[in-house]
Amino acid sequence: MASRTWRWRAALRGALIVIAGTAAAVHAAETDTPEGADPIAPAYVGSSACAECHADQTVAWTDSPHHLAWTQPTASNVLGDFNTATSAHRGMKTTFTRRDNTFYIESVGPDDQMTRWPVAGVVGTSPVQQYLIETEPGRLQSFDLAWDTVGQRWFQITPEDALPAANGDSWTGPYRTWNARCAECHSTNFSRNYDAETQRYASTAQEIGVGCEACHGPASAHLDWAQRRASSDNADPPEGLGPTGLTIDFKPTDPNAEIELCASCHAARSPLFSHSPVPGTPFNDALVLSTLRPPLYYPDGQIMGEAYEYGSFLQSSKQASGVTCSDCHEVHGATPVATGNAVCTACHSPGGTPDFPDLRRAPYDSPDHHFHPEGSDGAQCVSCHMAARDVMGVDRRHDHSFRVPRPDLTVATGAPNACTDCHAAEGPYWAQEELDRRFPNSAYREAPFAAVFHAAQGGEPTGSVADVGDDLAKIALAETLPGIVRATALELLAPSATPEQADRLAGLLNDPDPLVRSNALAIQRPAPLTDMVERVWPLLMDDVRVVRITAAREMLAVSADALPAEVTEALSTAMEEWQATLASNADYPETQMILGGMAMTKRDLPGALEAFREAVRMDPHLAAAWSMLVRLQSASGEEDLARETLDEALTKLPEDPGLLSLDGQLP
């Protein structure tokens, strides 16, 4: 019988850890190049190979949040109470025990029966530590009770009622599968290795935890470079690598390289491929960034949920000024570069800084600016300009858009503000009056997009919003606004775009920001077919992968027979690229929904039925997939089968209004 513990074999140069399962260790030199990967990339060697030359960095990294992002379930790593502790959440009991050096969790499993599993992995240290369970060989699930390391208690990460095991959002569901959703950013050189035929994972990683090569890239050529440099003057690295033989070069003239490297994990994003991007890969060639939409963001762009940092940072003036993550964070220890306000006053002070000479020089760390007693919580820069929100119950995450408090936007849109985070009893009207009194000439009174986004998302329009569609178009065209804001406006406008707006916004298909270009493509749907093709097809050859595959999606319904040869060739290439990314994510229910839609567009009924059926196998509570199955079966004359499918769906979702509507339509 396959073991339910993590199997891994340490290897020296170029070897991989095999995650779970029974396969032997896989060596990088012997594996096929993952889809989307660089076939000439050097090999991974492991963090231990870096320590001899980079001792100080290794000391800082050891036991850092990156190092401990994912560890083995040993006595020194497990912080939770496993001394026969119990936790009951909404009627579901869980017991945590330990026998010798093995830790166990007993709770309701995928079959809705009480089951006892050994802990297969440990995630993080503070303020939350989570635990992984191998529910079948190779498949790891993130358990939904976690340990609060500060409050010393077990707590439910998600606030929902205890969900049945069949629910896709339960801890046993596809949205909590560690291999697919989380592991890539908690390890080094991770590959999912999902087999769609067997529906099993054989995941691998160079090392669990975020090691040196997760940020600096595979280091075999760097080691060769270092050895040659020590023995001769001929130390030039192979062509295509940085000056020291690494795949990424953190040079001051290219701050975006560092920011995008950090953003590859510190962002709300979707992966295009099933393996870790090689460091140095442009963000938009490997990942799709989420726009400023709920449940991740409030209408004014503040973080609402687990949005991480990148989407916020892209809204900030600091990003536009060339500030990088390492200006504020010591990257190896993952700690601030200074304590408290000293992080900010290194630049924001009467003396300023030569690195950012355009900053206004003023005494910001003063009661004359923050109006709070010195040293108090209210006097901290982050309290007003980096408001924190709770993620996973107890994990306070700071917003990285570095904004001023806007109580007026709380009134207009319901978004929170830093003032009433502390002064809740006084309320936003009081807070705005105080700000008006203290900063009568403030330049921060306009709301270029918050009220419009609020109205576009179903909120009550304010007096400043005349025509939501027209206002969204104006935001998209406003080159002074951050690209992520403009892209969000386009995404909100797309479902209701008109032919006139398609014409008006066609120029955005040439915008310098790939996020804007990719979201501008959907605006062309209502354009006349010839205009749409003429505008969209050049983006099939865009320099950025996200733009190319989005253009392919928009051209899906266009008959290739009616296209010139050059367009057909570009479309075929981009379509293959898009299909490769979908194949990489075949373990996602949402991918199966896309595949079903593609098949319908191509009038491939069997393909559509297969994809939607796979979607409901993965997530039996996916109402849209059930609905498509019923409709397709009914439309093809299979009324009895459609009724059988609908009855099955209603056992999963008895109160879903869409399914109940179908129930009244079918015989």
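Reading the values: rules and limits
Residues numbered from 1 in each chain as written. Predicted model: local features only at pLDDT ≥ 70, side-chain atom pairs only at ≥ 80, totals over all residues. Heavy atoms only, no water. Helix = DSSP H or I, 4+ residues; strand = E, 2+ residues; numbered from the N terminus. Rg over C-alpha atoms; globule rule 2.2 N^0.38 Å. Buried < 20%, exposed > 50% of the residue type's maximum accessible area, 1.4 Å probe, protein only. Contact = heavy atoms within 4.5 Å. Areas by Shrake-Rupley, 256 points an atom, 1.4 Å probe, with all protein chains shown as cover. Lys, Arg positive; Asp, Glu negative; His and termini not counted. Charge placed at Lys NZ, Arg CZ, Asp CG, Glu CD. Core = buried A, V, L, I, M, F, W, Y, C linked by side-chain atoms within 4.5 Å. Patch = residues over 30% accessible without salt bridge, like charges linked within 9 Å, V, L, I, M, F, W, Y side chains within 5 Å. Salt bridge = Lys/Arg side-chain N within 4 Å of Asp/Glu carboxyl O. UniProt positions renumbered as here; feature names shortened; annotations may be inferred. Axes fitted to C-alpha atoms, helices over the stretch in contact; angles between N-to-C directions. Parallel < 35°, antiparallel > 145°, perpendicular 65-115°, else oblique. Left-handed = near helix turned anticlockwise from the far one by under 90°. Nonpolar A, V, L, I, M, F, W, Y, C, P; charged D, E, K, R; others polar. Phe/Tyr/Trp six-rings, centres within 6.5 Å; stacked < 30°, edge-to-face > 60°. Lys NZ or Arg CZ within 6 Å of the ring centre and 35° of its normal. Domains from an automatic or database assignment.

A. Up close: the overall build of the chain. Scanning the chain from terminus to terminus reveals 27 helices and 20 strands. Here the C-alpha atoms of the chain give a radius of gyration of 26 Å, agreeing with the 26 Å that 2.2 N^0.38 yields for 667 residues. Considering only C-alpha atoms, the chain reaches an extent of 75 × 65 × 65 Å along its principal axes. Counting all 667 residues of the chain, 49% fall into the buried class. Residue pairs in contact within the chain that sit at least 24 positions apart in sequence constitute 54% of those at least 6 positions apart. Surface exposure of the chain reaches about 31,700 Å², of which carbon and sulfur atoms provide 52%. Of the charged side chains in the chain, 47 are positive and 89 negative; the average position of the first set lies 3 Å away from that of the second.

B. Focus on the nonpolar core. Counting 75 residues, the largest nonpolar core has Leu 540 and Met 555 as its most contacted members. With residues up to four places along the chain from it excluded, the contact list for Met 555 reads Met 532, Val 533, Val 536, Trp 537, Leu 540, Leu 563, Val 567 and Leu 571. In terms of nonpolar packing, the next biggest core, distinct from the first, is built from 20 residues, Phe 612, Leu 629, Ala 649 and Leu 659 among them.

C. Structural view of a negative patch on the surface. A contiguous patch of negative charge on the surface is contributed by Asp 195, Glu 197, Asp 604 and Glu 610. Position of Glu 197 among the secondary structure elements: in the loop between strand 11 (194–195) and strand 12 (200–201).

D. Region of interest: the UniProt feature "domain: Cytochrome c-552/4" (unreviewed entry) in the chain. Here, UniProt's "domain: Cytochrome c-552/4" (unreviewed entry) annotation points to residues 49–72 and 178–217. With 29% helix and 0% strand, residues 49–72 has its two end C-alpha atoms placed 20 Å apart. Span residues 178–217 is 22% helix and 25% strand, its end C-alpha atoms 23 Å apart.

E. Structural detail: the packing of helix 24 (residues 605–618) against helix 25 (residues 623–635). At a minimum axis separation of 9 Å, helix 24 and helix 25 run at an interaxial angle of 150°. The angle between helix 24 and helix 25 falls in the class roughly antiparallel. Taken as a pair, helix 24 and helix 25 cross one another with a handedness that is left-handed. For the pair helix 24 and helix 25, contact is made by Leu 605, Ala 608, Leu 609, Phe 612, Arg 613, Ala 615 and Val 616 and by Ala 625, Trp 626, Met 628, Leu 629, Leu 632 and Gln 633, respectively. By residue class, the composition of the contact of helix 24 with helix 25 is 11 nonpolar, 1 polar and 1 charged.

F. Representation of the packing of helix 25 against helix 26 (residues 639–652) in the model. Closest axis-to-axis distance for the helix 25/helix 26 pair is 8 Å, and the angle between their directions is 165°. Classified by the angle between their axes, helix 25 and helix 26 sit roughly antiparallel to one another. Both helix 25 and helix 26 take part in a crossing whose hand is left-handed. On helix 26, the residues touching Trp 626, Leu 629, Val 630, Gln 633 and Ser 634 of helix 25 are Glu 639, Leu 641, Ala 642, Thr 645, Leu 646, Glu 648, Ala 649 and Lys 652. Looking at the contact of helix 25 with helix 26, its residues break down into 7 nonpolar, 3 polar and 3 charged.

G. Seen up close, the packing of aromatic side chains. What the rule picks out here adds up to 17 aromatic pairs. Their ring planes at 55° and their centres at 6.5 Å tell us that Trp 70 and Phe 190 sit as a pair that is tilted. Pair noted here: Trp 70 is in the loop between helix 1 (55–61) and strand 2 (85–89) and Phe 190 is in the loop between strand 10 (187–188) and strand 11, with a separation of 120 residues, a long-range link. The pair Trp 70 / Phe 190 is uniform in exposure class, with both members buried. Taking 5.5 Å as the distance between ring centres and 85° as the angle between the ring planes, the aromatic pair formed by Phe 82 and Trp 154 counts as edge-to-face. In this pair, Phe 82 sits in the loop between helix 1 and strand 2 while Trp 154 sits in strand 9 (residues 153–156), placing the two residues 72 residues apart along the sequence. We classify Trp 154 as buried; its relative accessible area is 12%. The ring of Tyr 104 has Arg 116 lying over it, and the distance from NZ or CZ to the ring centre is 3.7 Å. Sitting over the face of the ring of Phe 371, Arg 438 holds its NZ or CZ atom 4.6 Å from the ring centroid.

H. Examining the UniProt feature "repeat: TPR" (unreviewed entry) in the chain more closely. Under the local residue numbering, the UniProt record ascribes the feature "repeat: TPR" (unreviewed entry) to residues 589–622. With 79% helix and 0% strand, the stretch residues 589–622 has end C-alpha atoms that lie 8 Å from each other.

I. Expanded view of the domain arrangement of the chain. When the domains of the chain are assigned, the result is domain 1 (68–210), domain 2 (252–403), domain 3 (449–585) and domain 4 (589–664). Distance from the C-alpha centre of domain 2 to the C-alpha centre of domain 4: 42 Å.

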